[in-house]
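So you can see what is in the structure, the chains are spelled out below.
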Amino acid sequence: MNIVVTGGAGFIGSNFIYYMLENRPKDKIICFDKLTYAGNMATLDEAVKNENFKFIRGDIADRKTVYHMFETEKPDVIVNFAAESHVDRSIENPEIFLQTNVIGTSVLLDACRKYGIDRYHQVSTDEVYGDLPLDRPDLFFTEKTNLHTSSPYSASKASADLLVMAYHRTYKVPTTISRCSNNYGPFHFPEKLIPLMIINALGNKKLPVYGDGLNVRDWLYVEDHCAAINLILQNGKVGEVYNIGGHNEKANIDVVKTILKQLGKGEDMIEYVTDRKGHDRRYAIDPTKIHEELGWLPATKFEDGIKATIQWYLDNRKWWEEIISGEYQDYYERMYEKNPALEYARV
Ligand code: NAD
Ligand code: TYD
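Each chain carries its own residue numbering, running from 1 in the written order of its sequence. Chains carry letters and ligands carry numbers; both start at the beginning, A for chains and 1 for ligands, and go up in the order they are written. At least 70 in pLDDT is required for a residue's local features to be given in this predicted model, at least 80 for side-chain atom pairs to be given and counted, and no such filter applies to totals for whole chains, interfaces and linings, which use all residues. To obtain the side-chain values, all non-hydrogen atoms of the structure were used and water was disregarded.

We now examine the site of ligand 2. A molecule or strand has a residue near it when one of that residue's heavy atoms lies within 4 Å. In the vicinity of ligand 2, 18 residues are found, and the nearest of them are E127, P208, R217, R276 and H279. Polar contact is defined as a pair of N or O atoms within 3.5 Å, subject to the rule that within protein one atom must be able to donate a hydrogen and the other to accept it, and that residues adjacent in sequence are counted only when both atoms are side-chain atoms. In this structure, N182 approaches ligand 2 through a side-chain N or O atom, which is 2.9 Å from an oxygen atom. At 2.8 Å, a backbone N or O of Y210 approaches an oxygen atom of ligand 2. For every accessible area listed, the method is Shrake-Rupley and the probe measures 1.4 Å; residues are considered covered only by the protein chains on display. Coverage of ligand 2 by the protein chains reaches 96% of its 510 Å² of free accessible surface. Taken together, the residues of the shell around ligand 2 break down into 8 nonpolar, 5 polar and 5 charged. Under the scheme applied, nonpolar residues are Ala, Val, Leu, Ile, Met, Phe, Trp, Tyr, Cys and Pro; charged residues are Asp, Glu, Lys and Arg; polar residues are all the others, including Gly.

Here it is as structure tokens:
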């Protein structure tokens, strides 16, 4: 099978590529990524050594490039991770979120209509459901919860989900959608809460906690998300939505304190800063459907996953130091573009 992973040079997409290369060794994995600020070729260093892997630099919103990729790679499956993913950036500048997350998704769906596909999988987020109040711990997001978005990011992801459902209903494109809670683990870009806090603590910088720090996120170790998507590809029902999450709700302040404790640093490093505009209070997934229909359960407890993640950042300083210095952004040109020995397609 030819499996195209869009956005595979980012956090979850790269973890998914490694998961698939290991667990589906007969399949060819093609990463299609624009390499925005969030994409890093260094993350795929090990993948490029695998003969089942290929990298194509391209923008999912660029119709010509996407159609060309379909003609050359003949994908059986598309897994769309490519997105602008940071809520704070979407509040500063929503436009690129619409371009990539909405238009990009529509271009991929058009390509699926035109060339045919066995499965189009959309990687969505629990943020499409909006938020839950802190004083109602009995409430959870199910697949039937109404879409009710708060940020330009979540609005763009919800719009993409609606397009995916429309293309399934109208054109019979065989689609599935997964809506996952917050991920953490290796290769997480240091603008997001967990890696930012680890790296700031290591650099003895202040740890900026928004508002009162009581906002709750439902944390899932990234490998568990990858396993869930693979199960949906294998046994998921076409046209369906699956929520993914592992009942791992934590207040931000508790996550930050856990990180400080693990690193042997004091809580005086915490600095409460101005709250995010429109800040969602609580996310919490009800994963009953994926558990009952596909047998999925998360394998990693937060207590273990956070330790492994902190250790990963300690062991991989070069990876994040190059991000912080900005060096990673010309890594692709330095390492790959001029190296004809490596089989890189570039459109
Ligand atoms: P990320 O920001 O780390 O990576 C995004 C990747 O997409 C980067 O490699 C970037 O270069 C690429 N990209 C961006 N625009 C592109 C375009 N126009 N064409 C091709 N490639 C492009 O994101 P992430 O955290 O890995 O999230 C991946 C997906 O999972 C997103 O769709 C996001 O909405 C969803 N998601 C993320 C989380 C989370 O906790 N991070 C949770 C649930 C769902
Ligand atoms: P983030 O990692 O940006 O993910 P999302 O907004 O998609 O859930 O943020 C997770 C939580 O941490 C969110 O409630 C905002 C908060 N946060 C901070 O308190 N300080 C920070 O510096 C960042 C980046 C996030």
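Think of it in three bands: residues with accessible area under 20% of the maximum for their type are buried, residues over 50% are exposed, and the middle band is partly exposed, with areas taken using a 1.4 Å probe on protein chains only. Put simply, DSSP marks the helices as runs of H or I at least four residues long and the strands as runs of E at least two long, and each gets a number from the N terminus on. Burial within strand β3 (residues 53–57) is extensive, with 5 of its 5 residues counted as buried. Residues of β3 alternate between two faces, with F53, F55 and R57 on one and K54 and I56 on the opposite face, all of them buried. We treat two strands as partners when DSSP finds at least two bridges between them. Bridge count for strand β2 (residues 28–33) against β3 is 5 bridges, and the pairing is parallel. By the bridge assignment for β3, D33 is matched with R57.

Among the 10 residues that make up helix α6 (residues 193–202), 8 are buried, leaving the element largely enclosed by the rest of the structure. All buried positions along α6 are accounted for by I194, P195, M197, I198, I199, N200, A201 and L202. Contacts are assigned to residue pairs with any non-hydrogen atoms lying within 4.5 Å of each other. Buried residues belonging to α6 abut β7 (183–184), β8 (207–210), α8 (252–262), α10 (302–315) and α11 (317–325). After α6 finishes, the residue N204 shows a positive phi value of roughly 55°.

Structurally, the position occupied by K49 is in the loop between β2 and β3. Given the relative accessible area of 61%, K49 is considered exposed. Only 2.7 Å separates the side chain of K49 from the side chain of E46, close enough to count as a polar contact.

A word on the site of ligand 1. Neighbouring ligand 1 are 29 residues, the closest being I12, D33, S85, Y153 and K157. Measuring from a nitrogen atom of ligand 1, one finds a side-chain N or O atom of D59 at 2.8 Å. At 2.9 Å from a nitrogen atom of ligand 1 is found a main-chain nitrogen or oxygen belonging to I60. Against a free-state accessible area of 840 Å², the protein chains account for coverage of 97% of ligand 1. Taken together, the elements giving at least two residues each to the shell around ligand 1 come down to α1 (11–23), β5 (119–125) and α5 (152–171). Here the shell around ligand 1 gets 3 residues from one element, more than from any other, and that element is β5. Class assignment of the residues belonging to the shell around ligand 1 gives a composition of 12 nonpolar, 12 polar and 5 charged.

Once that is clear, we can look at the UniProt feature "domain: NAD(P)-binding" (unreviewed entry) in the protein. UniProt positions are given in the numbering used here, feature names are shortened, and annotations may be inferred rather than shown by experiment. The UniProt entry lists residues 5–308 under the feature "domain: NAD(P)-binding" (unreviewed entry), expressed in the numbering used here. Strand forms 17% of residues 5–308 and helix 39%; the C-alpha atoms that close the span are 25 Å apart.

A word on the nonpolar core. Side-chain atoms within 4.5 Å link the members of a nonpolar core, which is a set of buried Ala, Val, Leu, Ile, Met, Phe, Trp, Tyr and Cys residues. One finds F16, I17, L44, F53, V79 and I244 to be the most contacted residues of the largest nonpolar core, which totals 38 residues. Looking at this core, the elements that each hand over two or more residues are β1 (2–6), α1, β2, β3, β4 (77–80), α7 (222–235), β11 (241–244) and α9 (288–294). For this core, the leading source of residues is α7, giving 8 residues. Filtering out sequence-adjacent residues up to four positions away, L44 remains in contact with G8, A9, S14, I17, Y18, C31, F53 and F55. Counting residues in hydrophobic clusters, the runner-up holds 34 residues, among them F187, Y221, V255 and Y328.

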